[in-house]
Amino acid sequence: MSGFVGVLVSDPWLQSQFTQVELRGLKSKFLSSKRETGHVMVGDLPPLMGKLKGLNQVVTEQEIADILAESYPDTSHELDFEAFLRVYLDLQAKAATKLGGAKNSSSFLKATTTTLLHTINESEKESYVVHINNYLGEDPFLKKYLPLDPTTNELFNLITDGVLLCKLINVAVPGTIDERAINTKEVLNPWERNENHTLCLNSAKAIGCTVVNIGTQDLVEARPHLVLGLISQIIKIQLLADLNLKKTPQLMELVDDSKDVEELMSLAPEKMLLKWMNFHLKKAGYKKPVTNFSSDLKDGEAYAYLLNALAPEHSSSATLEIKDPGERAKKVIEQAEKLDCKRFLNPKDIVEGSPNLNLAFVAQIFQHRNGLSADNENLTLSQMLPDDIQDSREERAFRLWINSLGIVTYVNNLFEDVRNGWVLLEVLDKVSPGSVNWKQATKPPIKMPFRKVENCNQIIEVGKQLNFSLVNVAGNDIVQGNKKLILAYLWQLMRFNILQLLKNLRFHSQGKEISDSDILNWANNKVKDSGRTSQIESFKDKNLSSGLFFIQLLSAVQPRVVSWKLVTKGETDEEQRMNATYIISVARKLGCSVFLLPEDIMEVNQKMILTLTASIMYWSLQQPAGSSEQAESAAEASEVSADENGEDRSSVAESMSNLAVDDAASDITMGE
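Quantities reported herein were computed from a predicted structural model and do not represent experimental measurements. (Residues numbered from 1 in each chain as written. Predicted model: local features only at pLDDT ≥ 70, side-chain atom pairs only at ≥ 80, totals over all residues. Heavy atoms only, no water.)

**Focus: the overall build of the protein**
When its secondary structure is counted, the protein shows 33 helices and zero strands. Out of the 672 residues belonging to the protein, those deemed buried represent 54%. Considering only residue pairs separated by 6 or more positions, the protein has 66% of its internal contacts joining residues 24 or more positions apart. When the accessible surface of the protein is split by element, carbon and sulfur atoms take 49% of a total near 29400 Å². (Helix = DSSP H or I, 4+ residues; strand = E, 2+ residues; numbered from the N terminus. Buried < 20%, exposed > 50% of the residue type's maximum accessible area, 1.4 Å probe, protein only. Contact = heavy atoms within 4.5 Å. Areas by Shrake-Rupley, 256 points an atom, 1.4 Å probe, with all protein chains shown as cover.)

**Some thoughts on the packing of aromatic side chains**
Counting across every chain of the model gives eleven aromatic pairs. Between Tyr286 and Tyr305 the ring centres are 5.0 Å apart and the planes differ by 50°, which places this aromatic pair in the tilted class. Separated by 19 residues along the polypeptide, Tyr286 in the loop between α13 (269–283) and α14 (301–310) and Tyr305 in helix α14 bring together distant segments of the chain. Note on Tyr286: relative accessible area 9%, which makes it buried. The exposure class of Tyr305 is partly exposed, given its relative accessible area of 23%. By way of ring pairs, the aromatic residues Phe30, Phe81 and Phe84 are connected into one cluster. (Phe/Tyr/Trp six-rings, centres within 6.5 Å; stacked < 30°, edge-to-face > 60°.)

**Here's the deal with α14**
Working note: α-helix, 3.6 residues per turn, so residues spaced by three or four point in the same direction. For α14, every residue scored as buried is listed here: Ala302, Tyr303, Ala304, Leu306, Leu307 and Leu310. Residues of α14 that are buried sit in contact with α13, α15 (318–321), α16 (325–337), α17 (347–352) and α18 (355–368).

**Remarks on the packing of helix α27 (residues 516–529) against helix α28 (residues 548–557)**
The geometry of α27 relative to α28 is characterised by a closest axis approach of 9 Å and an angle of 70° between their N-to-C directions. Classified by the interaxial angle, the pair formed by α27 and α28 is roughly perpendicular. Of the residues in α28, those in contact with Trp522, Ala523, Asn524, Lys526 and Val527 of α27 are Phe549, Gln552, Leu553, Ala556 and Val557. Partitioning the contact of α27 with α28 into residue classes produces seven nonpolar, two polar and one charged. (Axes fitted to C-alpha atoms, helices over the stretch in contact; angles between N-to-C directions. Parallel < 35°, antiparallel > 145°, perpendicular 65-115°, else oblique. Nonpolar A, V, L, I, M, F, W, Y, C, P; charged D, E, K, R; others polar.)

**What to know about unusual backbone geometry**
Only a minority of non-glycine residues have a phi that is not negative, and only a minority of peptide bonds are not trans. A cis amide bond links Leu146 with the next residue in sequence, Pro147, at an omega value of 5°. The omega torsion across Pro444 and Pro445 is 0°, close enough to zero to call that bond cis. Unlike most non-glycine residues, Asn467 shows phi in positive territory, near 65°. With respect to the helices, strands and loops of the structure, Asn467 is situated in the loop between α23 (449–465) and α24 (475–479). Its relative accessible area of 64% is what places Asn467 among the exposed residues. With a phi angle near 50°, Val604 is a residue other than glycine that sits in the positive phi range. A relative accessible area of 6% places Val604 in the buried class.

**With respect to the pattern of salt bridges**
Across all of its chains, the model carries 22 salt bridges by this definition. Among the salt bridges present, the one from Lys607 reaches Glu394, with a minimum N-O distance of 3.2 Å. With Lys607 in helix α31 (residues 606–622) and Glu394 in helix α20 (residues 389–404), this pair connects stretches of sequence that are 213 residues apart. Taken together, the shared-partner salt bridges connect Asp139, Lys167 and Glu179 into one network. (Salt bridge = Lys/Arg side-chain N within 4 Å of Asp/Glu carboxyl O.)

**Some words on the packing of α13 against α14**
Where α13 contacts α14, the axes come no closer than 9 Å and their chain directions differ by 75°. Between α13 and α14, the interaxial angle falls into the category roughly perpendicular. Touching Trp276, Met277, His280 and Leu281 of α13 are Ala302, Tyr303, Tyr305, Leu306, Ala309 and Leu310, all from α14. Among the residues forming the contact of α13 with α14, the class breakdown is nine nonpolar, one polar and no charged.

**Digging into the environment of Asn292**
Relative to the assigned elements, Asn292 resides in the loop between α13 and α14. Note on Asn292: relative accessible area 23%, which makes it partly exposed. For the pair formed by Asn292 and Glu270, sequence separation is 22 residues and the distance between their alpha carbons is 9.3 Å. Apart from the residues within four sequence positions on either side, Asn292 is in contact with Leu274 and Leu297.

See below:
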């Protein structure tokens, strides 16, 4: 199984958009069409594409032809397989628009950016702009550009240099990006803009955003639907940050006894928010359960009951007597503002059932008045929850890594979500295409326990075929939620993915298996060849805690990416933390998708060190010979042009296209 080679395309980002099953099917259709005439032209696509999954019964052949005419006016234009795939993706996106895209997703975090409507929701845009003005208005760099006018498209103009999105990520999850690594000059050259966008996308993945179908060029061009989709995810991660038992132990009040705690822990943040809302609505005498943030809130009654229960001093039963839904919604918003809730929506958004804005509004109410008691019994129960720091860090890393792979299922709680086996089967199929026998797998919801065991038994069997160390490990261990065994399995799965990605760069490995020692030797040689003396004996070498070796390695693969004036000696804990934080952001800025924390470098976590080194190696081996020197000279030339003319030369931007690394190109999405 480990020797299986699937359908490969030269663009890693494009490869990441499809499962091997999809690629094989599309390749078969493409070749079948090509065999008939010897080539595939734009004019051949409408009848061919019209039969494909996701397009048939959604768009007609004529509609496909009209869409294609926008990009390919010449119907005799010949397409290769990669162009065929890109056309298919574009048509899928337009089909999703026709169907209403994101409306079909009950979970915000589960929806990828490409499922959002291509038509901009002006209310959402205006709400996000107000949010940005509120939280970034005093930022030292951005304050000269803020506040933005919510009624204009100023937002998209400001997005193009990448600074705003990086800053917004740090608002959502403070400390994610070392802001010293953000390029913040008045005029950025194309290299610097690309670095900012690469840093943004890799950091967005590191906080849990789904960015599989968005690349740096989308941000450079500020494609509105993709930009708003990303901003929406970042803001919601910020607003839902406290919807867990660690941050808000009072949520234990939502369950009757300790038996329900497991279920509570496994809830996605937005499901937790719904549970909290229904908890108060039931106590307030509201009869209808709220199951979504759209249709169930349109009449405003649920909001009126909720605010009466949480803030009776600012509310009135008279709100319920208002017959007009728009007027009632207006009154609800006025009452919420008395709690200092920021205005995330207007009455029309409530009446029309805007799911994103309603979710944000309810989250604001929760933050300002959750109405939960500090019951000692509940707090004591929450304190009994396992809090192994190492396990917690590894759970975070593997969860983020899995979510970055672009599989269908979104993981909220790793230890709970893997127990039915389905998620791990999806991951296995992604990293080792063809290894899973889907005919023997059962898709959730799974009512019969033995079906979960069957799924997990297949996980163990595939793991053995991939040469994982699984002595005395059975599928039932995963079903039972054995944390140590789950983490051990996932580490081997992640490591397998890393080594396979490196092996697939056949030019460098000649198809040979890559070992940990190969990665270690590569890193030492790279640093040595750059004229520096640092060397490490292993991935647990205590000298790594200073961070200097990694900074030298990053400088060796791309000299311009490291600013040495920001580097410390790494002698004290604070100096080590500063270096470690800088290393992570510089690696992401370069194009590495990594999920480690500064503590992992400071404590020399062997797993983390291996994954970070391998990610840098993978990025470096993909670069054309001499690309570092070309990048430096192009950047310098661009800076001269910018200084002389006040703008960047388009020729420099064009030269970038051969070297720029899309965020998805480094598909080594690393963890601990």
